[in-house]
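Structural description and commentary
Below, each chain spelled out in residue letters.
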Amino acid sequence: MQHLLSAGDLTRDEALLILDTARELSQVSERSVKKLPTLRGRTVVNLFYEDSTRTRISFEAAAKRMSADVINFSARGSSVSKGESLKDTALTLQAMGADGVVIRHSAPGAARRLADWVDGVVINAGDGTHEHPTQALLDAYTMRERLGRVEGLRVAIVGDIRHSRVARSNVLLLTTLGAEVTLVAPPTLLPVSVDTWPCAVSYDLDEVLPKSDVVMMLRVQAERMHSSFFPSAREYSRRYGLDADRLARMADHAIVMHPGPMVRGMEISAEVADSARSTVTEQVTNGVSVRMAVLYLLLGGAIHRPGNQGEPR
Amino acid sequence: MHAHNHAGGERPDQRRAVLEGPEISRALTRIAHEILERTKGGHDLTLLGIRTGGVPLAQRLAERIERVEQRPVPWGALDITMYRDDLRLAPARALGSTDIPPEGVDGRTVVLVDDVLFSGRTVRAALDALNDLGRPRAVQLAVLVDRGHRELPIRADYVGKNLPTSLRESVTVLLEELHGRDAVLIGPAKPRPGAPESAAATPGGAR
């Protein structure tokens, strides 16, 4: 594992190693000294071309808990607004000695392109509508903590699948880990290629709900929509929103997940979001542990760079 | 994992046992008594085994002390992976778990337990790890085998056996709980990753 670009690149063993490592590292967040010296002297750049609060802060907290130096770079107010290309920005960061780059970009595939240009480790923190592998890892981690396993779980992912990198990464990772995923959405909010995804598809939330161990609600990403995909917010919410009535029809042990940010009253009602079955805040906490694990596994040991075969620098 | 490979006898003919089960058992019993003597009854004692080889030894010492004093002694496990000084010489390692007994380490006399004392680098890492967990009143070190060749100013308070070795030799400790049999073996050194003098060896493996 040299980079983390796609949840689909992870083998089952690699994914489990990340989850097990995250579990050990979660202890650090409970101690009085919330810090490990492991990444001392390593520099991690958070390269964010899209607005993000929780992911950037989560990566920043994770890197700092491992004692890495963190440089935050947001496209707004930087040389990017003067027209600098991704490649030139990347080469600048490399010249400054970045060992790892965490990239969030609106273009699918941006992280993989970046990995070709820089020598250091690249971690995909969301590339457009394509992938968000650390989100899928923290979701799998949360399922494991709440339900004790991922293998054999029936997971429903509900909502705007078409524009969701979270859905794609989760389908890939959860399938690798042996869960059965069902996507639930109106036909207009499913990606065109969904028949090639390793999962089931349903248009009927009420039919899928009682059979699910995990219900993951997704936000309708209005900012990525250039035409109208459903008649009205009210109708969408009626058919695909999770409210108290629907929650009552779920299995007793089943949990409700949401990657955030939530739009209360749209895909999830406030009552459900605040219920004990909802794991929203746990997902945020777990995100830090999972990202610490990813940073440790990619940057903690010898870094393979072309031309120096993993020698210490 | 490594230990199992070694224990499985990659080159059994080249290794000879210098300690067998009964001698290891007697050495641990003596160390248990020494700990009680030095800590004046061990009322605030906590034993922490360094992963992986030190953990069963810490448990066995705790059992022996309990037998003598008729009261339980808190013991746990310390994983020092994140504090190693040779992390960057190899790909990232899997972590072991750190289990601190509910009494914690603040204000207690912590005895670190390991199987082999060699360069002292593992113990240095353990002291750093302990420092992040709290502030013990005192820290002592118990090892089953001291093979010499220290690279840091570190010594053990309790030693099962001093074993003069050359750097061309490796010392392997086998423990019932991990490898199905108790023994200390000396064999020819295997090439280790990183600097040849680097002492932090595979936990539970040959050192």
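The rules behind each value
- Residues numbered from 1 in each chain as written.
- Chains lettered and ligands numbered in written order.
- Predicted model: local features only at pLDDT ≥ 70, side-chain atom pairs only at ≥ 80, totals over all residues.
- Heavy atoms only, no water.
- UniProt positions renumbered as here; feature names shortened; annotations may be inferred.
- Domains from an automatic or database assignment.
- Contact = heavy atoms within 4.5 Å.
- Buried area = accessible area lost by both parts, 1.4 Å probe.
- Pairing = 2+ DSSP bridges.
- Helix = DSSP H or I, 4+ residues; strand = E, 2+ residues; numbered from the N terminus.
- Axes fitted to C-alpha atoms, helices over the stretch in contact; angles between N-to-C directions.

An unreviewed UniProt entry annotates chain B as Bifunctional protein PyrR originating from Thermobifida fusca TM51. Listed in UniProt under the heading Sequence similarities (unreviewed entry), the comment for chain B reads: "Belongs to the purine/pyrimidine phosphoribosyltransferase family. PyrR subfamily." Under the UniProt heading Catalytic activity (unreviewed entry), the note attached to chain B is "UMP + diphosphate = 5-phospho-alpha-D-ribose 1-diphosphate + uracil".

Looking at UniProt, chain A carries the name Aspartate carbamoyltransferase catalytic subunit, with the source organism given as Thermobifida fusca. Looking at the Catalytic activity heading of the UniProt record, one finds this comment for chain A: "carbamoyl phosphate + L-aspartate = N-carbamoyl-L-aspartate + phosphate + H(+)". Database annotation for chain A, UniProt heading Subunit: "Heterododecamer (2C3:3R2) of six catalytic PyrB chains organized as two trimers (C3), and six regulatory PyrI chains organized as three dimers (R2)."

The next subject is the domain arrangement of chain A. Often, the extent of an interface is quoted as the loss of accessible area upon association of its parts. Residues and elements named next belong to chain A. Once the domains are mapped, chain A shows domain 1 (7-129 + 285-299) and domain 2 (133-279). Taken over C-alpha atoms, the centre of domain 1 sits 25 Å from the centre of domain 2. Contacts between the two partners involve 29 residues from domain 1, matched on the other side by 25 residues from domain 2. Approximately 2,200 Å² of surface area, both sides summed, lies buried where domain 1 meets domain 2, with 58% of it carried by carbon and sulfur atoms. Area buried by domain 1 at its contact with domain 2 is led by Ala 7, Leu 19 and Thr 129, which between them contribute 29% of it.

Residues and elements named next belong to chain B. The strand order across the open sheet built from 3 strands is β1-β8-β7, with neighbouring strands paired in antiparallel fashion. Looking at which strands have only one partner, the edges of the open sheet turn out to be β1 (16-20) and β7 (169-174). Taken over all neighbouring pairs, the strand axes of this sheet differ in orientation by 25° on average, direction set aside. Across 6 bridges, β7 lies against strand β8 (residues 183-188) in antiparallel orientation. Counted as the bridge partner of Val 171 is Ile 186 from β8. Running over the sheet, helix α2 (residues 21-38) touches β1 and β8 and is turned about 45° from β1.

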